[in-house]
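Spelled out from the first residue to the last, the chains are:
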Amino acid sequence: MSIRIDRVVTRGGDAGQTSLGDGSRVTKDSARIEAMGCLDELNAVVGLLRSHVAAESKDAAQLAELQNWLFDMGADLCQPEGPKAQKASRLSGEIVLELEVWVEQLRQAQAPLTSFVLPGGTQAAAWAHLARTQTRTTERRVVALAQQEAVNPELLKMLNRLSDYFFVLARHFNQDGRTDLVWTPAAQRAAV
């Protein structure tokens, strides 16, 4: 598929509406547009995370693949169910399985968890934690949309696995968990 964008300024959204993939118009605050916007925000965070990872690394390659998947997910969400829906744009569970492999590969090298992990550590780990939290926000928006309209159920599975991936990726960037920042409960902090 070739994509060509001839104009950026279209004025089509000046009245607060935008077009979906099937040509229908919706307000920019609709649940579908909110979910798509959260995916876009997540993709931007992943782009920032990539800027803190060695460009030729396996991590950078996976993050590049994730950014494309996030666009694919947005394309899926952009197509409401109905007679004009393009079924070819619907994602399958293959991504979920691949994410599970990535999570397990990272997890196997990591120190066991002995506490909850605080967001932070290296810059890459901190960005991975932000990507994890933005994934959860996106997941909540897609769940809200799914309560109103039909949504590809694979998208929710993908988002759930994606937050797991970003958690283990953050630990990976913190020397596979050895330099994680860990939560010390208030009672323990007071005892020191």
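Our structure is the block above this text.
Residues numbered from 1 in each chain as written. Predicted model: local features only at pLDDT ≥ 70, side-chain atom pairs only at ≥ 80, totals over all residues. Heavy atoms only, no water.

**Q** Where do I start with a nonpolar patch on the surface in this structure?
**A** The grouping of Phe116, Leu118, Leu181 and Trp183 at the surface amounts to a nonpolar patch, some 410 Å² of accessible area in total. Looking at where Phe116 falls in the secondary structure, it is placed in the loop between helix H3 (94-108) and strand S3 (117-118). A relative accessible area of 62% means that Phe116 is categorised as exposed. (Patch = residues over 30% accessible without salt bridge, like charges linked within 9 Å, V, L, I, M, F, W, Y side chains within 5 Å. Areas by Shrake-Rupley, 256 points an atom, 1.4 Å probe, with all protein chains shown as cover. Salt bridge = Lys/Arg side-chain N within 4 Å of Asp/Glu carboxyl O. Helix = DSSP H or I, 4+ residues; strand = E, 2+ residues; numbered from the N terminus. Buried < 20%, exposed > 50% of the residue type's maximum accessible area, 1.4 Å probe, protein only.)

**Q** How should the packing of helix H1 (residues 31-50) against helix H2 (residues 58-77) be read in this particular structure?
**A** Helix-helix packing: each pair is described by the crossing angle between the helix axes and the interaxial distance. Between H1 and H2, the shortest axis-to-axis distance is 10 Å and the interhelical angle comes to 170°. In terms of orientation, H1 lies roughly antiparallel with respect to H2. Here H1 contributes Arg32, Ala35, Met36, Leu39, Leu42, Asn43, Val46, Gly47, Leu49 and Arg50 to the contact with H2, which in turn contributes Ala60, Leu63, Ala64, Gln67, Leu70, Phe71, Met73, Gly74 and Leu77. The residue inventory of the contact of H1 with H2, partitioned by class, reads 13 nonpolar, four polar and two charged. (Axes fitted to C-alpha atoms, helices over the stretch in contact; angles between N-to-C directions. Parallel < 35°, antiparallel > 145°, perpendicular 65-115°, else oblique. Contact = heavy atoms within 4.5 Å. Nonpolar A, V, L, I, M, F, W, Y, C, P; charged D, E, K, R; others polar.)

**Q** Got a minute to help me understand the packing of aromatic side chains in this structure?
**A** Any aromatic ring pair is given by two values, namely how distant the centres are and how the planes are angled relative to each other. Counted according to the given criterion, the structure contains four aromatic pairs. Each ring, one from Trp69 and one from Trp102, has its centre 5.2 Å from the other, and the planes form 20°; the classification is stacked. Taken together, the residues span a long stretch of sequence, with Trp69 in helix H2 and Trp102 in helix H3 at a distance of 33 residues. According to the relative accessible area criterion, Trp69 is buried, its value standing at 6%. A network of ring pairs unites the aromatic residues Trp69, Trp102, Tyr165 and Phe166 as a single cluster. (Phe/Tyr/Trp six-rings, centres within 6.5 Å; stacked < 30°, edge-to-face > 60°.)

**Q** Is there a simple way to explain the pattern of salt bridges in this structure?
**A** Proximity of charged atoms lets side chains of opposite charge pair with each other. The tally for this structure, following the rule as stated, stands at seven salt bridges. Residue Glu34 pairs with Arg141 through a salt bridge whose shortest N-O separation is 3.4 Å. In this pair, Glu34 is assigned in helix H1 and Arg141 in helix H4 (residues 123-146), connecting sequence segments 107 residues apart. Given the relative accessible area of 30%, Arg141 is considered partly exposed.

**Q** Sorry if this is basic, but what is going on with the nonpolar core here?
**A** Counting 39 residues, the largest nonpolar core has Leu49, Leu63, Leu66, Tyr165, Phe166 and Leu169 as its most contacted members. Looking at this core, the elements that each hand over two or more residues are H1, H2, H3, H4 and helix H5 (153-173). Residue contributions to this core peak at ten residues, all from H5. When sequence neighbours within four positions are dropped, the list of residues in contact with Leu49 reads Leu63, Ala124, Trp127, Ala128, Phe166, Leu169 and Phe173. (Core = buried A, V, L, I, M, F, W, Y, C linked by side-chain atoms within 4.5 Å.)

**Q** Looking at this model, I keep getting lost on unusual backbone geometry. Mind explaining?
**A** What you tend to see is this: most non-glycine residues have negative phi, and most peptide bonds are trans. Residue Gln175 is not a glycine yet carries a positive backbone phi of 50°. Although it is not a glycine, Asp176 sits at a positive phi angle of roughly 50°. Positionally, Asp176 belongs in the loop between H5 and strand S4 (181-182). For Asp176, a relative accessible area of 14% gives the class buried.

**Q** Can you walk me through the environment of Arg161 in this structure?
**A** In this structure, Arg161 sits in helix H5. Assessed through its relative accessible area of 23%, Arg161 is described here as partly exposed. With sequence-adjacent residues up to four places away left out, Arg161 is seen in contact with Val96, Leu99, Glu100 and Val103.

**Q** What am I meant to see in H3 here?
**A** Residue pairs spaced three or four apart in an α-helix point in one direction, given the helix's 3.6 residues per turn. In this model H3 runs 22 Å from its N-terminal to its C-terminal C-alpha over 15 residues, within 8% of the 21 Å that 1.5 Å per residue would give. Every buried residue of H3 is listed here: Ile95, Val96, Leu99, Trp102, Val103 and Leu106. Projected down its long axis, H3 carries its buried residues within an arc of 120°, all on one side. The exposed set on the far side of H3, more than 90 degrees from its buried face, consists of Glu94, Leu97 and Gln108. Looking at the buried side of H3, the elements it contacts are H2 and H5. (Expected span 1.5 Å × (residues − 1). Arc of directions from axis to C-beta.)

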